[in-house]
Each structure stands twice: as C-alpha cells, then as structure tokens.
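Letter by letter, the chains look like this.
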Amino acid sequence: MSPLTIAIPKGRPYAATVRFLREAGLAGPELEPEEGRSLYVECPEQGTRFIIARDSDVPTYVEYGAADLGIVGKNVLMEAEPQVYELLDLGYSKCRFVLAAPAGVDPRQLLNGRSTQRVATKYPRMTEAYFNSRGLQVETIYLHGSIEVAPKVGLADLIVDIVETGRTLRENNLVVIEDLWTSSMRLIANRAAYRLQAERIGPIVQRLREMVAGRDLAGKPQPAVAER
Ligand code: PRP
C-alpha cells in the first residue's frame, strides 16, 4: 500500500502540528519538531509521508490530490474556499481575526462611510465581504505578511489580520476595533481520496476525533464529586 500523504504547514503552527501527529501515531521521529529545510519527510513505520508547505498552499496540495489529507488553519480555508472536505476541528493554534487600527484614532471616524478607507490584509476576499455586509466601501490592499506595519507607514488606515497572543498588535501600536471571526487548525481531505480510501482514512479520523475530545475534556473543569 502506498503511504498516506499529509500536507502540513510550516511556520507558527508547525511544532504543534508535529506534536499532534506524533501523539496520534501518524508520524515518527523522522518528522522533527524543529523546522528544517527538508520539505518532504517519510515515516515508513507509520505508513505516512509529509509535505511541508506554506499554510496557504496546503489546501492546494489536498485539492489536487498530491496529498490525501492536510492540516491547516480555518483562516486559510475561509479565505480560499478550496474544494476539499473539512473533516475535523483539531482545536489547537486558536486565533482571532480582528479589525485593528492605530491606537488613539477614533474608529467611528474611520468607519463613518464618508471616505474610502484603505485596509491591509492577507485575507482580501473575507475583508471585502465583511465591509460589503456593513455597506462600507474600502480599498483592500493585499500583503503576504507583516500586515501590522502598513498603518505606520501610511499604506493603510486599518488592518484585518489574525491575532494569537496580541503581541504583534501591541508592538506596532495597534488596537482591536472589532473581533470578526475565530480560527483553529482543521483536518481536510481530498474528496476522491476520502471516498476511495474510506477504510484507511475513516479510522484515522475517528482516532483523531477521540483524541481531540479527550483533550477538550482534560481542559474543562471536572464536575464536583457528589457528596454521599
Ligand atoms: C501572524 C499574523 C500576525 C501575528 C499575530 O503573522 O499575521 O502578524 O501572527 O500573532 P500574535 O498575536 O501572537 O503576535 P505570522 O507570524 O504568521 O507572520 P507574517 O506577518 O509574516 O504573516
């Protein structure tokens, strides 16, 4: 049987993803927790191999069938809307999408609809949909990263970006105007692979579901023991 191919993201969620995959028994020591330059890793004992890609490219590998499964943030899926199955919320790398502006600027002034504001973002489609739904016209400026610098240098008035710890916003003197959406890592599958390899993928999904449920329970306060 050929190995199961799983696309995973580099960067911020990489280490947590490797921990998750190892705990799930899907990856062995070959998939190292520190990112190297090797972008293709085989784990023969687990019958898996990994494509380590940019997060926005993970759905592409899965959609075209170069990978059977993928792990990627909901933020990426919401923006790209790839033709894949989203199977499971893995619950880690939680973050928020926010609308943010320079501290001290009155947001009502920015969003009064009288002038077109410029919004820098990695998520142009969602940003436009959000402002359209509010009846506000904005000019969306697409950037690949370092979004938070855009207002400082006059490239944009506002930003839409993801926030995890809030440190990048703080260090760039930006404040949240509005929380828009939330995100966490998701398991996705190629549609054909999901059907044709149901016997193989089904039990993996079940195992991951139980693992995630177990983690949720561990994180919740335990019910008080009833007194006798
Ligand atoms: C993401 C995001 C923010 C930052 C938020 O960027 O775009 O810039 O993380 O995280 P924080 O709230 O914990 O500071 P990333 O580190 O992926 O780099 P990028 O700017 O190059 O996209």
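Residues numbered from 1 in each chain as written. Predicted model: local features only at pLDDT ≥ 70, side-chain atom pairs only at ≥ 80, totals over all residues. Heavy atoms only, no water.

Draft legend 1. Structural context of the pattern of salt bridges. Per the stated rule, a full pass over the model turns up ten salt bridges. Between Arg125 and Glu81 there is a salt bridge, and its shortest N-O distance comes to 3.5 Å. Of this pair, Arg125 sits in helix α5 (residues 124–133) while Glu81 sits in the loop between α3 (74–80) and β5 (85–89), placing them 44 residues apart in sequence. In this structure, Arg134 engages Glu178 in a salt bridge whose closest nitrogen and oxygen atoms are separated by 3.1 Å. Taken as a pair, Arg134 in the loop between α5 and β8 (138–142) and Glu178 in strand β10 (residues 174–183) lie far apart in primary sequence, 44 residues in all. (Salt bridge = Lys/Arg side-chain N within 4 Å of Asp/Glu carboxyl O. Helix = DSSP H or I, 4+ residues; strand = E, 2+ residues; numbered from the N terminus.)

Draft legend 2. A look at the site of the ligand. In the vicinity of the ligand, 13 residues are found, and the nearest of them are Lys122, Glu148, Asp161, Thr165 and Thr168. At 2.5 Å, a side-chain N or O of Lys122 approaches an oxygen atom of the ligand. One nitrogen or oxygen atom from the side chain of Thr168 is found 2.4 Å from an oxygen atom belonging to the ligand. According to the grid-proximity analysis, the pocket containing the ligand is the largest pocket. Breaking the shell around the ligand down by element, the ones donating at least two residues are β9 (158–163) and α6 (167–171). The biggest single contributor to the shell around the ligand is β9, with three residues. Tallied by class, the residues present in the shell around the ligand amount to two nonpolar, five polar and six charged. (Near = heavy atom within 4 Å. Polar contact = N/O pair within 3.5 Å; in protein donor to acceptor, adjacent residues only side chain to side chain. 1 Å grid on protein atoms, 1.4 Å probe; cavity = no way out; pocket = protein on both sides within 12 Å on 5 of 7 lines; lining within 4 Å. Sits in = over half its atoms within 2 Å of the grid points. Nonpolar A, V, L, I, M, F, W, Y, C, P; charged D, E, K, R; others polar.)

Draft legend 3. Looking closely at empty space enclosed by the protein. Going through the model one piece at a time under the given rule, you end up with one cavity of 30 Å³ or more. Computed from the structure, the largest cavity encloses a volume of approximately 40 Å³. What lines the largest cavity is Leu110, Leu111, Asn112, Gly113, Ser115, Gln117, Phe131, Leu136, Gln137 and Val138. Residue composition of the lining of the largest cavity, by class: five nonpolar, five polar and no charged. (Points joined across faces, edges and corners; volume = space filled by probe spheres on them.)

Draft legend 4. Representation of the sheet that holds β8 within the structure. If you trace the five strands from one edge of the open sheet to the other, you get β8-β7-β9-β6-β10, paired in mixed fashion. Here the strands that pair on one side only, and so sit at the sheet edges, are β8 and β10. Geometrically, the sheet is characterised by an average inter-axis angle of 25 degrees between neighbouring strands, direction not taken into account. Where strand β7 (residues 117–121) lies against β9, three bridges are found, and the strand directions are parallel. Looking at β9, one finds that Ala120 is bridged to Ile159. Strands in contact with α5 are β6 (95–102), β7, β8, β9 and β10; relative to β8, the strand with the most contacts, it is inclined by about 170 degrees. (Pairing = 2+ DSSP bridges. Axes fitted to C-alpha atoms, helices over the stretch in contact; angles between N-to-C directions. Contact = heavy atoms within 4.5 Å.)

Draft legend 5. Seen up close, the packing of aromatic side chains. As enumerated under the stated definition, the model contains six aromatic pairs in all. Seen from their ring centres, Tyr85 and Tyr194 are 5.4 Å apart, and the 70 degrees between their planes marks the pair as edge-to-face. Of the two residues, Tyr85 sits in strand β5 while Tyr194 sits in helix α7 (residues 191–196), which places them 109 residues apart along the sequence. On the basis of relative accessibility, which here comes to 28%, the residue Tyr85 falls in the partly exposed class. When the centroid spacing of 5.0 Å and the interplanar angle of 80 degrees are considered together, the rings of Phe97 and Tyr123 count as edge-to-face. Of the two residues, Phe97 sits in strand β6 while Tyr123 sits in the loop between β7 and α5, which places them 26 residues apart along the sequence. (Phe/Tyr/Trp six-rings, centres within 6.5 Å; stacked < 30°, edge-to-face > 60°. Buried < 20%, exposed > 50% of the residue type's maximum accessible area, 1.4 Å probe, protein only.)

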